[in-house]
Amino acid sequence: MSDHTPASHHHQKKLHVLGVSRKKKYLKVLIIILCAVVAALAWFTLSSGILTDENPEIPRHMIAWINTERAASSLPPVIISETLAHEALLASQEIRVSRTSYTSWQKTPADQETNVFIYPKLSWAMSGIGLEPMLFDAWRTSDSGSVSPVLDKDARDVGIGVSSDGYNYYIVTKWQ
């Protein structure tokens, strides 16, 4: 070999490591963000109770609010009656199926009072920590007669029934 042999240049192909390309990096970040958003929405939907037929949080919050209002008016607290709660739940399920055919309030005994309140599910899910004020303000403004048993000095027992469809909670209170 002589010293005058031209050097040959070999062009090597560029190695492409997956995910190193600028466009692919942005795609990965976008996919990760989308997965995080979907996971957060799924968690929010499941934890809010928006998919469940019955929300046990509503009766708990309502009885606490009712007894707070009664205590502010120097009235004794009411207790939840299992019988009234069962009747209220059946009434709320009947209303959920057909609001127009619900007639149970006409069959209520003379010593009982029944109130019906319809509350949007989305309001409950979106309200987060401050859910009670929104629920009770809506309850007060929907029908002034539905809140009157709260301050009735003769009321001793209450039953709260909650059922829902895809859009609303149907809340029925039965007082005795």
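Enquirer: Outline the nonpolar core, supporting the account with residue identities and numerical values.
Expert: Membership of the largest hydrophobic core comes to 18 residues, with the highest contact counts inside it found for Met62, Ile66, Val78, Trp139, Ile160, Ile171 and Trp175. Only α2 (57-72), β2 (113-120), α5 (131-142), β3 (157-164) and β4 (168-175) provide two or more residues apiece to this core. Looking at which element gives the most residues to this core, the answer is α2, with five residues. Residues Ala88, Ala91, Ile95 and Val172 belong to the second largest nonpolar core, which totals five residues.

Enquirer: Got a sec to walk through a nonpolar patch on the surface? Specific residues and values, please.
Expert: A cluster of nonpolar residues, Leu27, Leu30, Ile31 and Leu34, forms a patch on the protein surface that exposes about 380 Å² of accessible area. Its location among the elements puts leucine 27 in helix α1 (residues 22-48).

Enquirer: Can you break down the pairing of β3 residue by residue, with the values?
Expert: Counting buried positions along β3 yields eight of eight residues, so the element is predominantly enclosed. Pairing analysis gives two bridges linking strand β1 (residues 79-80) to β3, with the strands arranged parallel. If you follow isoleucine 79 over to β3, its bridge partner there is aspartate 157. In this structure, β3 lies alongside β4, joined through seven bridges in antiparallel fashion. Note on β4: the bridge partner recorded for glycine 161 is valine 172. The turn linking β3 back onto β4 is made up of three residues.

Enquirer: I'd love a proper account of the confidence of the model for the chain, names of residues and values included.
Expert: Here the chain shows a mean pLDDT of 75. Residues at 70 or above account for 62%. The least confident element of the chain is helix α4 (residues 121-127), whose mean pLDDT is 55; the most confident is β1, at 92.

Enquirer: Give a description of the sheet that holds β3 that names residues and reports values.
Expert: The four strands lie next to each other as β1-β3-β4-β2, forming an open sheet whose pairing is mixed. Only two strands of the sheet have a single partner each, and these edge strands are β1 and β2. In this fold α2 packs onto β1, β3 and β4, with an angle of close to 145° to the strand it touches most, β3. Against the sheet, helix α3 (residues 82-97) touches β1, β2, β3 and β4, its axis set at about 30° to β3.

Enquirer: Explain α3 to me, and be specific about the residues and the numbers.
Expert: The terminal C-alpha atoms of α3 lie 23 Å apart, and with 16 residues this matches the ideal 22 Å at 1.5 Å per residue to within 8%. Among all positions of α3, only Leu84, Ala85, Ala88, Ala91, Ser92 and Ile95 are buried. Axial view of α3: buried residues confined to an arc of 125°, hence all on one face. Relative to its buried face, α3 has exposed residues pointing more than 90 degrees away, namely Glu82, Thr83 and Val97. Against the buried residues of α3 lie β1, β2, β3 and β4.

The rules we used
- Residues numbered from 1 in each chain as written.
- Predicted model: local features only at pLDDT ≥ 70, side-chain atom pairs only at ≥ 80, totals over all residues.
- Heavy atoms only, no water.
- Core = buried A, V, L, I, M, F, W, Y, C linked by side-chain atoms within 4.5 Å.
- Buried < 20%, exposed > 50% of the residue type's maximum accessible area, 1.4 Å probe, protein only.
- Helix = DSSP H or I, 4+ residues; strand = E, 2+ residues; numbered from the N terminus.
- Patch = residues over 30% accessible without salt bridge, like charges linked within 9 Å, V, L, I, M, F, W, Y side chains within 5 Å.
- Areas by Shrake-Rupley, 256 points an atom, 1.4 Å probe, with all protein chains shown as cover.
- Salt bridge = Lys/Arg side-chain N within 4 Å of Asp/Glu carboxyl O.
- Pairing = 2+ DSSP bridges.
- pLDDT = per-residue confidence, 0-100.
- Contact = heavy atoms within 4.5 Å.
- Axes fitted to C-alpha atoms, helices over the stretch in contact; angles between N-to-C directions.
- Expected span 1.5 Å × (residues − 1).
- Arc of directions from axis to C-beta.

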